[in-house]
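Per-entry structural report
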Amino acid sequence: MKKLILTALLIAVFGLTAHAQQALFASQNIKSAEVNKDNTVTFRFIAPNAKKVQIAGDFAPKAENNPIGGMVGTGLIDMKKETDSLWVYTSPKLASELYSYMFVVDGVVTHDPNHPYLFRDFGTVSEYFIVGDTPADMAYNYKVNNVPHGTLSRRWMESKMLNTTRRINVYTPAEYEKNPNKKYPVLYLLHGSGGDEDEWVHFGRTCQIMDNLIAQGKALPMIVVMPNGHPAMEAAPGESSWGLYKPFHSRVYSGDGTFETHFAEIMKWAESEYRIQADKQHRAIAGLSMGGGHTNTISRLYRNTFDYVGLFSAGLIRAGRGKFYDNMDELLQQQIKDGVKLYWVGVGTEDFLYKSVQDHLQLLKKYGQKYTYRESGDGHVWKNWRIYLSEFAPLLFK
């Protein structure tokens, strides 16, 4: 009798386990964000009682009534109800790119239960998919391809200046561990005001881009250091001793030169922990938005430290912002006198910082600084910054 009861219990347990495994997508057992062979993309969502289901995505036409704003989607697309419960939409052919989206059900933003591939950009979470399969496609570099892979290390450094430990992401190329006596050039890559040290890793696809460019022989093997640009933060939301708090934009140390001054600690730490060629010819610095502003200041402040400078949709801080920045023009003239091998500037034509960047270019012309300028479409978006990194990295250390 005991054996029969035990057998029955085991059957019940295994039955529940099997059901749980099969129920992974039981409520929505369909494919969504399915990239078709012709580069159209089909979205599916089950909502039997919904009156309207829409897609908010950065591939949608612009709309003023987008409930999730410009952080993820630029417009709304209505889906069609094909059965009593299934809503479907197939996009036109999309260009090679990484795209983000969410669903909007009767005005309420929700995620796609059939496409569990999400990015967190500070406090915003959205699904993503990639269109583009061949090396000729820009988005090919955003994918994990069958090439040698580098290593992403999430490290902690002690800051005496800030009296705390801070997290830094460091990418080392695939060959790094195999060549223990070789030193490598370094790119310091800085994020924007709405991000953290994880931003370039996730939305920026830095590891994938570097793996693919290096494997194709387009970029030299290099170390990429991605610090947190907010001096008041230990690390990305949920990754520090602050716990699982609701992310917020801290204004502590905002625009007062603290991060630029703290950057000396970051370089000293990186160059003591990794085999870095610690000279001007083998150092590069680049950043987007706020990080572009940091790049602009740091590259001037630390004389003869960087031969390669990249400003991606840079939020430029000028004289008059505060005492720390009052001599920016003088530092620029000194930087030009010292010499820079590559001064690279990129911005989108619809970016709210477009005019500010144009003003900066005029300033460079005034003082005689040669530069490479990349103007793209769209606004203050990751689509541009991934492209800029993909084009900037191959120019370094050559």
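Everything that follows concerns the structure shown earlier in this document.
Below, the structure is looked at part by part. (Residues numbered from 1 in each chain as written. Predicted model: local features only at pLDDT ≥ 70, side-chain atom pairs only at ≥ 80, totals over all residues. Heavy atoms only, no water.)

Focus on the packing of aromatic side chains
The following threshold applies: Pairing of aromatic side chains requires ring centres within 6.5 Å, counting the rings of Phe and Tyr and the six-membered ring of Trp. Pairs whose planes differ by under 30 degrees are stacked, by over 60 edge-to-face, and all others tilted. Numbering of helices and strands runs from the N terminus; a helix is a DSSP stretch of H or I covering at least four residues, while a strand is a stretch of E covering at least two. Any residue under 20% of the maximum accessible area for its type is buried, any over 50% is exposed, and the rest in between are partly exposed; the area is computed with a 1.4 Å probe on protein chains only.
For the structure shown, the criterion picks out 33 aromatic pairs. Geometrically, the ring pair formed by Phe43 and Tyr89 is stacked, given 6.4 Å between the ring centres and 25° between the ring planes. With a gap of 46 residues between them, Phe43 in strand 2 (residues 41-46) and Tyr89 in strand 6 (residues 86-90) connect regions that are remote in the sequence. Judged by relative accessible area, Phe43 falls into the buried class, the value being 0%. Look at Tyr188 and Phe263: their rings are 5.3 Å apart centre to centre, the planes differ by 70°, and that puts the pair in the edge-to-face class. Of this pair, Tyr188 sits in strand 13 (residues 186-190) while Phe263 sits in helix 4 (residues 258-273); the two residues are 75 residues apart in sequence, bridging distant segments of the chain.

Description of the side chain of Asn114
Worth spelling out the cut-off: N or O atoms within 3.5 Å of each other form a polar contact, as long as, within protein, one can give a hydrogen and the other can take it, and as long as residues adjacent in sequence are counted only when both atoms are side-chain atoms.
Mapped onto the elements of the fold, Asn114 is located in the loop between strand 8 (108-110) and strand 9 (118-121). In terms of polar contacts, Asn114 uses its side chain to reach the backbone amide nitrogen of Ile30, at 3.5 Å.

Concerning the nonpolar core
Note the cut-off: Among buried residues, the Ala, Val, Leu, Ile, Met, Phe, Trp, Tyr and Cys ones that are joined through side-chain atoms within 4.5 Å form a nonpolar core.
In this structure, Leu187, Trp200, Phe312 and Leu396 are the most contacted members of the largest nonpolar core, which totals 37 residues. Among the elements that make up this core, the one with the highest residue count is helix 8 (residues 382-392) (6 residues). Formed by 36 residues, the second largest nonpolar core is a distinct cluster that contains Met157, Ala270, Leu311 and Tyr343.

Observations regarding the sheet that holds strand 12 (residues 164-172)
Two orientations exist for strands paired in a sheet by backbone hydrogen bonds: parallel and antiparallel. The condition is simple: In this scheme, strands are said to pair when DSSP sees at least two bridges between them. Angular values range over 0 to 180 degrees, each being the angle between N-to-C directions of two axes fitted as lines to C-alpha atoms, with helices fitted over their stretch in contact.
The 8 strands lie next to each other as 11-12-14-13-15-16-17-18, forming an open sheet whose pairing is mixed. Looking at which strands have only one partner, the edges of the open sheet turn out to be strand 11 (151-159) and strand 18 (372-376). Neighbouring strand axes in the sheet, compared pairwise and without regard to direction, differ in orientation by 20° on average.

Regarding the pairing of strand 9
Side chains of strand 9 alternate between two faces, with Phe119 and Asp121 buried and Leu118 and Arg120 left unburied. In terms of strand pairing, strand 9 meets strand 10 (residues 124-131) through 4 bridges, oriented antiparallel. Across the sheet, the residue bridging to Asp121 is Thr124, located in strand 10. From the end of strand 9 to the start of strand 10, which pair antiparallel, there are 2 residues, and Phe122 there has a positive phi angle of about 60°.

Things to note about helix 3 (residues 206-215)
Of all 10 residues in helix 3, 9 are buried; the element is thus mostly enclosed. Here helix 3 has its buried residues at Thr206, Cys207, Gln208, Ile209, Met210, Asp211, Asn212, Leu213 and Ile214. Of the residues one or two after helix 3, Gly217 is the one with positive phi, at around 75°.

Looking at unusual backbone geometry
Positive phi, normally seen in glycine, also occurs at Ala33, with a value near 50°. With respect to the helices and strands, Ala33 occurs in the loop between helix 1 (2-22) and strand 1 (34-35). Taking the relative accessible area as the measure of exposure, Ala33 reaches 6% and is therefore buried. Although it is not a glycine, Asn39 adopts a positive phi angle of roughly 70°.

Any functional reading would require information beyond the geometric quantities listed.
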